[in-house]
Amino acid sequence: MILGAGQAGMSAASKLLNNNANFSVFERENIICGPAKTIQYRLFSLDIGPHIMCIKSHVDEIAIEIFKEPGGGSA
Ligand SMILES: Cc1cc2nc3c(=O)[nH]c(=O)nc-3n(C[C@H](O)[C@H](O)[C@H](O)COP(=O)(O)OP(=O)(O)OC[C@H]3O[C@@H](n4cnc5c(N)ncnc54)[C@H](O)[C@@H]3O)c2cc1C
């Protein structure tokens, strides 16, 4: 069980998924990514929090993969 779908939770979920583990992610909000989320306001997409991920490059690649938009864009 993963509590919270922020960066740590989604990174853990990505790793577990790649290892075919059986798990669930519980998030209290109706949107993932914690303070790194993007909200929609009318025609605009607003990043409300972090804009540069201060993490190692291999973790950065995981973050880009898991936080990319469903339509194919990237966060
Ligand atoms: C304004 C701001 C700007 C920042 N800018 C940067 C930046 O530029 N670069 C950078 O690298 N870092 C930045 N940070 C820090 C970065 O956001 C954090 O280090 C990172 O989000 C921590 O990830 P986390 O997964 O541990 O926690 P979080 O990202 O906070 O995720 C926790 C998740 O758990 C959920 N949750 C909490 N309680 C429960 C519960 N009881 N049940 C279910 N779900 C729950 C929350 O809703 C959230 O989605 C910034 C932070 C803030 C607040």
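Here we summarise the structure given alongside this text.

Cut-offs applied
- Residues numbered from 1 in each chain as written.
- Predicted model: local features only at pLDDT ≥ 70, side-chain atom pairs only at ≥ 80, totals over all residues.
- Heavy atoms only, no water.
- Helix = DSSP H or I, 4+ residues; strand = E, 2+ residues; numbered from the N terminus.
- Contact = heavy atoms within 4.5 Å.
- Buried < 20%, exposed > 50% of the residue type's maximum accessible area, 1.4 Å probe, protein only.

1. Quick notes on the side chain of S14
Residue position: S14 is located in helix 1 (residues 7-18). Every residue in contact with S14, bar those within four places of it in the chain, is listed here: I62 and I66.

2. Section: unusual backbone geometry
The backbone of C33 sits at a positive phi, close to 95 degrees, despite the residue not being glycine. Turning to its location among the elements, C33 is positioned in the loop between strand 2 (25-26) and strand 3 (38-41). Residue C33 is classed as buried on the basis of its relative accessible area, which comes to 9%. Phi at R42 takes a positive value of approximately 55 degrees, unusual for a residue other than glycine. Judged by its relative accessible area of 72%, R42 is exposed.

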